[in-house]
Amino acid sequence: MQEKDSAPWWRSAVIYQIYIRSFADSDGDGVGDIDGIRSRLPYLRDLGIDAVWITPWYPSPMVDAGYDVADYTGIDPMFGTVAGAEAFIADAHGHGLRVILDIVPNHTSDRHAWFEAAMAAGPGSAERDRYVFRPGQGEDGALPPNDWRSTFGGSAWTRVPDGEWYLHLFADAQPDLNWNNVEVRHDFEKVLGFWFDRGVDGFRIDVAHGLIKQDSLPDAGETNDVLEPTKRDDHPHWDRDGVHEIYRDWRKVADRYDGDRAFVAEAWVSGPQRLARYVSPGELQTAFNFDYLRAAWDAASLRTVIDSSLEALAEVGAPATWVLSNHDVVRHVTRYGRTHTEGRGPRADTTEPLDLALGTRRARAAALLMLALPGGAYVYQGEELGLPEVEDIPEELLQDPVWERSGHSARGRDGCRVPLPWSGDAPPFGFGPDGVTTWLPQPESWGDLSAQAQAGDANSMLELYRAALRLRRDLPALGEGSLRWHESPEGVLLFSRTPGFVCALNLSGAPFTLPAHNDILLASGPLDGDVLPHDTAVWLAV
Ligand code: TEU
């Protein structure tokens, strides 16, 4: 946990996202677990990241891969035990890595004790008031209370046997909580404390923009595509002003603990100005920059999102974060391997073949751009191996509830969640004991992408990430701070950071001659002397 300066760690941290189901399986059930992560901590330390974020590890019926939480202070037996989690946190700290957990406050599992009590207690009860139960519309109340849609497809309302309906912005097994209920607020603050007491360094807040619904529950009047966030600022259930009060309270909880405990908001909002509200003084410290993730792979789009993000965040004194991939979006090697690079994935109806070499080349350049920008960054497990999206998982093996809820029109997010290849040349590629059937199938062709195959190969994605992260630690110019743009031909991004650092990214289609420099620190692909080829990035010492 070495600090380059006295600024808090979260202002410049590189945080590695561990999708626990798919990271490493210690016990051979085909699903990753806590002991699997523990066994791979040396790999993470050597990669050069600062912290890990672990996706939900709580007891769960696993309808939404753990984002349906039945008990916020337990550990699912599939993943381990609370004692094992404590040992993991201590081990991670021993390796100099901080630990961030995923908290899911928008909804619980339908197997949470609160929801079971609500079902048993009936209409009008205090138990039901923890959720959003309403009578239906129309004669007999047979129509849902309003037109809200589930993010995963279908209506956001499900009717229970006594005739009432409950709200679920995601799967029907994920009933939304009522955040106007004081007990709900109080209990979540206790959950934060439970894990802070066990040494965790922070939380990623799932669906941070969803907790408060407009009181009258008016129709939304829109039907977004599955998983697509709204672009509106006045939506009846996304990004309501009331969420900020909750996070100001959470900040007070975190501030009662020593050691710079921090939050990162998962908030899909209409732009940098709205995002900045989550990280204004007294509120959360950081938020994911999804506008960056969704930006097209072209110089103008990237420049626009970098500038607008830095500007909006500077106004509130918060650091930027940069992210290219996570467990909800198409892996960026694949996004960048097609013509239409904007958004969180190719349109469902894309028939354009994938150019994997192109996507990989761009992903290499993208890594150097991201890690050179001011602030912190996220690395999603497997991106350091250059894993592509797995687009041909057989339909009968798909697990994401999106597949069923969308009426089989959207395959969902399984393709970015396939278990990691660690070693060897056949599945399970060291993910678990030999012979184990992984919960999602791994492509037979992944042997060359395994961590073992790439280690020591100077041209591999893994060694590029290792080199970049090493430099990022060593160079005082990188991490938190500011950047200065330099004049460059159209399609070339050229900026400097002090002291003595320049990053150039050539997306112009023409060769670009590098400015004067003392040294080439790192390049995403071969240079031709001082000429930077298309789709290539370089770090220079000046
Ligand atoms: O994701 C929230 C989610 O589905 C966003 O991708 C969506 O675009 C947004 O909410 C729309 O405004 C989180 C988790 O990352 C995901 O894995 C879960 O399935 C989901 O919440 C439900 O917990």
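Residues numbered from 1 in each chain as written. Predicted model: local features only at pLDDT ≥ 70, side-chain atom pairs only at ≥ 80, totals over all residues. Heavy atoms only, no water.

Notes on the overall build of the protein chain
The helix and strand inventory of the protein chain stands at 14 helices and 18 strands. Computed over the C-alpha atoms, the radius of gyration of the protein chain is 23 Å, within 12% of the 24 Å expected from 2.2 N^0.38 for a compact globule of 542 residues. Each principal axis of the C-alpha atoms in the protein chain carries an extent, and together these give about 75 × 55 × 50 Å. For the protein chain, with 542 residues in total, the buried portion stands at 59%. The long-range fraction of contacts in the protein chain, counting pairs at least 24 apart against all pairs at least 6 apart in sequence, stands at 66%. (Helix = DSSP H or I, 4+ residues; strand = E, 2+ residues; numbered from the N terminus. Rg over C-alpha atoms; globule rule 2.2 N^0.38 Å. Buried < 20%, exposed > 50% of the residue type's maximum accessible area, 1.4 Å probe, protein only. Contact = heavy atoms within 4.5 Å.)

Describing the site of the ligand
Looking at the ligand, there are 21 residues lining it, with Asp64, Asp206, Leu227, Asp328 and Arg344 nearest. Here an oxygen atom of the ligand and a side-chain polar atom of His327 are 2.9 Å apart. A distance of 2.4 Å separates an oxygen atom of the ligand from a polar side-chain atom of Asp328. Residue composition of the shell around the ligand, grouped by class: eight nonpolar, five polar and eight charged. (Near = heavy atom within 4 Å. Polar contact = N/O pair within 3.5 Å; in protein donor to acceptor, adjacent residues only side chain to side chain. Nonpolar A, V, L, I, M, F, W, Y, C, P; charged D, E, K, R; others polar.)

Remarks on the pairing of strand β13 (residues 492-497)
The buried fraction of β13 amounts to six of the six residues, a majority that puts the element mostly inside the structure. Going residue by residue along β13, you find Val492, Leu494 and Ser496 tucked away on one face and Leu493, Phe495 and Arg497 tucked away on the opposite face as well. Where strand β12 (residues 484-485) and β13 come together, two bridges link them in antiparallel fashion. The residue bridging Arg484 from the neighbouring strand is Ser496, located in β13. In textbook terms, the turn of a hairpin is the stretch between consecutive antiparallel strands, and for β12 and β13 this stretch comprises six residues, one of which, Gly491, has a positive phi near 95°. Pairing of β13 with strand β14 (residues 501-506), which is carried by six bridges, proceeds in the antiparallel orientation. Of the residues in β14, the one forming a bridge with Arg497 is Phe501. Connecting β13 to the next strand, β14, in antiparallel fashion are three residues, including Gly500 with a positive phi near 65°. (Pairing = 2+ DSSP bridges.)

Here's the deal with the pattern of salt bridges
Any two side chains of opposite charge can pair, given that their charged atoms come close. Inspection of every chain in the model, using the stated rule, returns 34 salt bridges. With a shortest N-O distance of 3.9 Å, Asp172 and Arg405 are connected by a salt bridge. Taken together, the residues span a long stretch of sequence, with Asp172 in the loop between β6 (165-167) and α5 (182-197) and Arg405 in helix α12 (residues 401-405) at a distance of 233 residues. For Asp172, a relative accessible area of 34% puts it in the partly exposed group. By relative accessible area, which is 21% here, Arg405 ends up partly exposed. As a salt-bridge pair, Arg338 and Glu391 come within 2.9 Å of each other at their nearest N and O atoms. With Arg338 in the loop between α10 (332-335) and α11 (356-372) and Glu391 in the loop between β11 (376-380) and α12, this residue pair connects regions lying 53 residues apart in the sequence. Residue class for Arg338 comes out buried when judged on its relative accessible area of 9%. By relative accessible area, which is 34% here, Glu391 ends up partly exposed. Because the salt bridges share partners, they merge into one network encompassing Asp64, Asp328, Asp400, Arg413 and Arg417. (Salt bridge = Lys/Arg side-chain N within 4 Å of Asp/Glu carboxyl O.)

Observations concerning the pairing of β11
A large share of β11 lies buried, amounting to five of its five residues. Two strands pair when backbone bridges link them, and strand β1 (residues 14-18) and β11 are joined in this way by four bridges, in the parallel orientation. Following the sheet pairing, Ile15 is matched in β11 by Tyr378. As paired elements, strand β10 (residues 321-322) and β11 share two bridges and run parallel to each other. By the bridge assignment, Thr321 is partnered in β11 with Gly376.

What about helix α3 (residues 82-94)?
Across its 13 residues, α3 extends 18 Å between first and last C-alpha, which sits within 8% of the 18 Å expected from 1.5 Å per residue. Gly96 occupies a position one or two residues after α3 and carries a positive phi of about 80°. (Expected span 1.5 Å × (residues − 1).)

A closer look at the packing of α11 against helix α14 (residues 461-474)
As a packed pair, α11 and α14 sit with axes 10 Å apart at the nearest point and diverge in direction by 10°. In terms of axis orientation, α11 runs roughly parallel to α14. Across the interface between the two elements, Thr360, Ala363, Arg364, Ala367, Leu368, Met370 and Leu371 from α11 touch Met461, Leu464, Tyr465, Ala468, Leu469 and Arg472 from α14. Its residues assigned to classes, the contact of α11 with α14 comprises ten nonpolar, one polar and two charged. (Axes fitted to C-alpha atoms, helices over the stretch in contact; angles between N-to-C directions. Parallel < 35°, antiparallel > 145°, perpendicular 65-115°, else oblique.)

Thoughts on the packing of aromatic side chains
Here the structure, examined in full by the defined rule, presents 33 aromatic pairs. Judged by centre distance (5.9 Å) and plane angle (15°), the rings of Phe115 and Phe133 are stacked. Taken together, the positions of Phe115 in helix α4 (residues 113-121) and Phe133 in strand β4 (residues 133-134) put the pair 18 residues apart, joining distant regions of the chain. Like Phe133, Phe115 is buried. Taken together, a centroid distance of 5.1 Å and an interplanar angle of 45° make the contact between Trp179 and Phe188 tilted. Trp179 sits in the buried class, given a relative accessible area of 2%. Owing to a relative accessible area of 2%, Phe188 belongs among the buried residues under this scheme. If you follow Arg40 out to its NZ or CZ, it ends over the ring of Trp422, 4.0 Å from the centre. Looking at Arg344, its charged tip hangs above the ring of Trp268, at a distance of 4.4 Å from the centre. (Phe/Tyr/Trp six-rings, centres within 6.5 Å; stacked < 30°, edge-to-face > 60°. Lys NZ or Arg CZ within 6 Å of the ring centre and 35° of its normal.)

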